[in-house]
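The chain contents come next:
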Amino acid sequence: MIMNYRHMPKQRGFSLIEMAIVMFILALLLGGLLPTITAQMEMQHIRDTRKQLDEIQQALLGYAIANSRLPCPASAVSNGAESFAAGGSAINGNCSNFNNGFVPAATLGLSPMDSEGYAIDAWNNRIRYAVSSASTNALTSSNGMSLTTTPNLFVCSTASATVGCSITNSTLTSNAVSVIYSTGKNGVDGGTGVDETENPNPNSADNDSVFVSHTPTPIGAANGEFDDKVVWISTNILFNRMVSAGRLP
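Note that the structure is a prediction, hence the values are computed from the model and not measured.

Asker: Please set out unusual backbone geometry residue by residue, giving values where relevant.
Answerer: Where the residue is not glycine, phi is negative for most of them; where a peptide bond is considered, it is trans in most cases. Cis peptide bonds are those with omega within 30 degrees of zero, and the linkage from Ser-111 to Pro-112 qualifies with 0 degrees. Tracing the sequence through the fold places Pro-112 in the loop between α2 (105–108) and β2 (128–131). At the junction of Leu-248 and Pro-249, the peptide bond is cis and its omega measures out at 0 degrees in the coordinates. Residue placement: Pro-249 occurs in the segment after α5 (235–244). Positive phi, normally seen in glycine, also occurs at Thr-136, with a value near 55 degrees.

Following this line, the structure appears as structure tokens:
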């Protein structure tokens, strides 16, 4: 059988114009999807970090029950282990960085950690940890705490010019035994705004016992950008766990 190729329909590919139209449509679709994907990833980072902060809270409570004290924060040179001041120890509870240290992930056995042993958030920034030095370091010294111990860490809803929450109705707590926080996506030590600057860190002159926690605000807000994620352990929660475990009174 002899085929007559002259009468067969010719096959044709996409023209350059058609290809350009397809690419344009794909670009539009991807351009619309990318912001959604980015927003979803950011929300996942926030959820993961919140979960980490909750796990750190529980680890600290477990450590307190097992050791009858809270651990000191890690310093910038302690490789994730709790850090005592010169002459400090578990006996006297004298920490090197009461207000501006890091979570002692190596001491608590936490993960994830960076290569130097520090707990990190979903943005790979080191997570901060402060512990009260009230009553002559009662909370960080072995068998030092009692039901009469009054912690001295404040968490406010806005920055304070003095020790304590100076703005009326801005006090979230005035007796936290510890504060744990992530510096958020911007990961800035000292922050970019007034409220973030209030949260102590190793590179800031602000090393008092006052912290700020509120919903995120963007650059240009009244007190500047704020994306820190802050949690704390209250006196009642710690003492309730200690009493239930037979560690107090």
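Structure's up, so let's keep going.
Asker: Explain the environment of Asn-97 residue by residue, including any values.
Answerer: Mapped onto the elements of the fold, Asn-97 is located in the loop between α1 (16–67) and β1 (101–102). The buried category is assigned to Asn-97, whose relative accessible area is 15%. Beyond its immediate sequence surroundings of up to four residues, Asn-97 is in contact with Pro-73 and Ser-75. Of the polar contacts made by the side chain of Asn-97, one reaches the side chain of Ser-96; its length is 2.7 Å.

Asker: How would you summarise the side chain of Thr-49 if you had to cite specific residues and measurements?
Answerer: With respect to the helices, strands and loops of the structure, Thr-49 is situated in helix α1. Filtering out sequence-adjacent residues up to four positions away, Thr-49 remains in contact with Asp-121, Ala-122, Trp-123, Ser-182 and Lys-229.

Asker: Describe in detail α5, supporting the description with residues and values.
Answerer: Three or more residues of α5 are buried, namely Thr-235, Leu-238, Phe-239 and Met-242. All buried residues of α5 lie within an arc of 90 degrees about the axis, which places them on one face of the element. Exposed residues on α5 whose side chains face more than 90 degrees from its buried face are Asn-236 and Ser-244. Positive phi shows up at Gly-246, right after α5, with a value of about 80 degrees.

Asker: So what's going on with a nonpolar patch on the surface? Which residues, and what values?
Answerer: On the surface, a nonpolar cluster with roughly 910 Å² of combined accessible area is contributed by Ile-17, Ile-21, Val-22, Met-23, Phe-24, Ile-25, Leu-26, Leu-28 and Leu-29. Within the secondary structure, Ile-21 sits in helix α1. We classify Ile-21 as partly exposed; its relative accessible area is 47%.

Asker: Give me the lowdown on empty space enclosed by the protein, citing residues and values where you can.
Answerer: Inspection of the entire model under this criterion finds two cavities of 30 Å³ or more. Taken as a whole, the largest cavity spans an internal volume of roughly 60 Å³. Gln-52, Glu-55, Ile-56, Leu-110, Ser-111, Pro-112, Ala-119 and Ile-127 together form the lining of the largest cavity. Residues of the lining of the largest cavity, tallied by class, amount to five nonpolar, two polar and one charged.

Reading guide: rules and limits
Residues numbered from 1 in each chain as written. Predicted model: local features only at pLDDT ≥ 70, side-chain atom pairs only at ≥ 80, totals over all residues. Heavy atoms only, no water. Helix = DSSP H or I, 4+ residues; strand = E, 2+ residues; numbered from the N terminus. Buried < 20%, exposed > 50% of the residue type's maximum accessible area, 1.4 Å probe, protein only. Contact = heavy atoms within 4.5 Å. Polar contact = N/O pair within 3.5 Å; in protein donor to acceptor, adjacent residues only side chain to side chain. Arc of directions from axis to C-beta. Patch = residues over 30% accessible without salt bridge, like charges linked within 9 Å, V, L, I, M, F, W, Y side chains within 5 Å. Areas by Shrake-Rupley, 256 points an atom, 1.4 Å probe, with all protein chains shown as cover. Salt bridge = Lys/Arg side-chain N within 4 Å of Asp/Glu carboxyl O. 1 Å grid on protein atoms, 1.4 Å probe; cavity = no way out; pocket = protein on both sides within 12 Å on 5 of 7 lines; lining within 4 Å. Points joined across faces, edges and corners; volume = space filled by probe spheres on them. Nonpolar A, V, L, I, M, F, W, Y, C, P; charged D, E, K, R; others polar.

Taken by themselves, the reported measurements are silent on function.
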